[in-house]
Each structure stands twice: as C-alpha cells, then as structure tokens.
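Working through the structure, step by step
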Amino acid sequence: MIENILPALRQNVAQLYSNLTATHCLLCGEIGENDSLCVDCINELPKLGKSCPRCASPLSHSLLCGRCLHQPPQQNSSFSLFEYKSPIDRLIADFKYNDKLFLSRFFAVQMAAKLKTRPLPQLLIPIPLHPRRLRERGYNQSLELAKQLSKQLSIPVCSKSVIRIKDSQPQTSLPYKERAKNIQRAFKVVNTMLPTHIALIDDVLTTGHTANSAAKIIRQAGVNNIEVWTIARTIRHY
Ligand SMILES: [Zn+2]
Ligand SMILES: [Zn+2]
C-alpha cells in the first residue's frame, strides 16, 4: 500500500517545490526565466516613443517641445523608458508602495539597455525623501533604482549629496497650480564637491516640478550638465 502511495507523494512534493521556486511573470503568471516579467509581457510594455529631449514629454517628433522652447526646465535633458500607463503604473505602484523592491533591478536592466549607448554622467543622485516619509515607507524607491542603475552602468551613486529639508505634501495629492509652490526650497545640497555631469533618479516624471526644484539647487552648486532619469513619463494633462 505504502509502496503505491510513495511515488505519487514524491511527485507531488517535487511539483510543489518547483512551483515554489519557479518565477512567475507578474503580469500574466506564466512561468519564465526572467525574474519579474516574461519576454512577451516585456515586449508589450508601453515604451516611450518620440519625445522632447529636455523634458521627455511624448511628441510626434524628437525636437524641443513648445514649453521647453518658451520656458526650459532646469535639467539639460530627460530620459524616461516608458509611458506612465497600464501596466507600468501598476508595476511602479508595486515597487513603490507594496515592497516589491526586486522590481528595481528589472527596471534598471531595462533602462540601462537604452542608456548605455549615450554619454554617461559621473554620478547618480536619487531624489531624496524627507526623513519622516522614509520612516513611514521604510525605503526610498529612487535610491533603490539608483543603486541598481549604478550596478548596470558602473556609475557611482550618492544619496547624501542632496537632502530633503521640507516635508512637503505628496505632489500627486495637489492640483497642478499648487505643485510648484509645494516643492519650492524642498531640497538642499550638502556636498559641494559634485562632478560637472550628474543624473537625478526618480520613479516617474509627472509635472516635472520635483526634478526642476532639485536640479535648480544642484545647478547653483556648480553642476552644469544635469539629466533626469525616470522609469516612466506621464502624458501632459494640463
Ligand atoms: Zn507575462
Ligand atoms: Zn520639453
């Protein structure tokens, strides 16, 4: 009797073990070799097409957008890999709020594949969180992404060059007109030995006020080439 049950039991245990150790695509559930998403789902992600080189706004061409011609932001250039829409919005929310920190590696690998063909900055600076928000969330998603980009591109990362001195409200909770004021004077440069070319790292570029505010004080500290790198770019809705 036991002899009959044992092989079946062994098979069940083996199946259970392989289910536990297999990696399932976060979007379709298929078992795959990639650690987060299967190849088919990666290929279907909404890549940002032509966009303004300065602010990464999606456009039908790759020249400066009207807004950047008229009132350029503080950064010299912006890079976003995806458009901020489904399913990227969901993946970023998982990364940011649901402790799926392993997604930082996935996003960094995808971003680095594009970034390594261009002249690279000397230092990566993650957009800092205010200490109170950092205590609440437990980690800064921008720093986690910067660390992974640092590994992929062999560029040092420094999370102590720029600090957040104002506990501003989350930008997403405010109407567009109040966002610029909310983030004004929110950052401070504490390292005055910055190189001349840096990249600011954040998860999403939305109105651009946060990146602009950080880039402004970094420029005042003597940096003359500032890039803004984000996983995704929202489509302008103002
Ligand atoms: Zn999939
Ligand atoms: Zn622009």
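Refer to the structure presented above.
How each quantity is defined
- Residues numbered from 1 in each chain as written.
- Chains lettered and ligands numbered in written order.
- Predicted model: local features only at pLDDT ≥ 70, side-chain atom pairs only at ≥ 80, totals over all residues.
- Heavy atoms only, no water.
- Helix = DSSP H or I, 4+ residues; strand = E, 2+ residues; numbered from the N terminus.
- Areas by Shrake-Rupley, 256 points an atom, 1.4 Å probe, with all protein chains shown as cover.
- Axes fitted to C-alpha atoms, helices over the stretch in contact; angles between N-to-C directions.
- Parallel < 35°, antiparallel > 145°, perpendicular 65-115°, else oblique.
- Contact = heavy atoms within 4.5 Å.
- Nonpolar A, V, L, I, M, F, W, Y, C, P; charged D, E, K, R; others polar.
- Buried < 20%, exposed > 50% of the residue type's maximum accessible area, 1.4 Å probe, protein only.
- Donors = N, O, S within 2.8 Å, 3.2 Å for Na, K, Ca; no water.
- Tetrahedral: all angles 85-135°; square planar, octahedral: opposite > 155°, others 65-115°.
- Expected span 1.5 Å × (residues − 1).
- Polar contact = N/O pair within 3.5 Å; in protein donor to acceptor, adjacent residues only side chain to side chain.
- Salt bridge = Lys/Arg side-chain N within 4 Å of Asp/Glu carboxyl O.

A word on the overall build of the protein chain
Each helix and strand in the protein chain was counted, giving nine helices and eight strands. When the accessible surface of the protein chain is totalled, it reaches about 13100 Å², and 54% of it is carbon and sulfur.

Observations concerning the packing of helix H4 (residues 88–97) against helix H5 (residues 103–115)
It is the contact of H4 with H5, at a shortest axis distance of 9 Å, that shows an interaxial angle of 130°. With respect to each other, H4 and H5 are oriented oblique. Residues Ile88, Leu91, Ile92, Asp94 and Phe95 of H4 form the contact with H5, whose participating residues are Leu103, Ser104 and Phe107. Along the lines of polarity and charge, the residues of the contact of H4 with H5 split into six nonpolar, one polar and one charged.

Topic: the environment of Leu194
Along the chain, Leu194 falls in the loop between strand S6 (187–189) and strand S7 (197–205). Residue classification places Leu194 among the buried residues on the basis of a relative accessible area of 14%. Setting aside residues no more than four positions away along its own chain, Leu194 makes contact with Leu123, Ile125, Ser161, Val189, Ile218, Ala221 and Val223.

Considerations on the coordination of the zinc ion (ligand 1)
Those donors, Cys25 (SG), Cys28 (SG), Cys38 (SG) and Cys41 (SG), are the protein atoms that reach the zinc ion (ligand 1), and they lie 2.3 Å from it. Around the zinc ion (ligand 1), the four donor atoms are arranged such that angles at the metal cover 103 to 115°; this shape is classified as tetrahedral. The sequence pattern describing where the donors of the zinc ion (ligand 1) fall on their chain is C-x2-C-x9-C-x2-C. Of the two residues, Cys38 and Cys41, both sit in the buried class.

Some remarks on the coordination of the zinc ion (ligand 2)
Ideal values for angles at a metal depend on the geometry: 109.5 degrees with four tetrahedral donors, 90 or 180 degrees with six octahedral donors. Those donors, Cys52 (SG), Cys55 (SG), Cys65 (SG) and Cys68 (SG), are the protein atoms that reach the zinc ion (ligand 2), and they lie 2.3 Å from it. Considering all four donor atoms around the zinc ion (ligand 2), angles at the metal cover 105 to 116° and the coordination shape is tetrahedral. Written as a sequence motif, the donor residues of the zinc ion (ligand 2) are C-x2-C-x9-C-x2-C. Both residues of the pair, Cys65 and Cys68, count as buried.

Quick word on helix H7 (residues 141–153)
With 13 residues, H7 extends 18 Å between its outermost C-alpha atoms, agreeing within 8% with the 18 Å of an ideal straight helix rising 1.5 Å per residue. Along H7, the residues classified as buried are Gln141, Ser142, Glu144, Leu145, Ala146, Gln148, Leu149, Ser150 and Leu153. Those residues of H7 that are buried lie in contact with H4, H5, strand S4 (123–126), helix H6 (131–137), S7 and strand S8 (225–233). For H7, the N-terminal cap is Asn140; the gap from its side-chain oxygen to the backbone nitrogen of Ser142 is 2.9 Å.

Considering the pattern of salt bridges
Under the counting rule described, the total for this entry stands at seven salt bridges. With its nearest N and O atoms 2.9 Å apart, the salt bridge here joins Lys96 to Asp203. Placement of the pair is Lys96 in helix H4 and Asp203 in strand S7, with a sequence separation of 107 residues. For Lys147, the salt bridge goes to Glu144, with nearest N and O atoms at 3.5 Å. Of this pair, Lys147 and Glu144 both sit in helix H7, separated by three residues, roughly a single helical turn. Given the relative accessible area of 18%, Glu144 is considered buried. Salt bridges sharing common partners tie together Arg132, Glu136 and Asp167.

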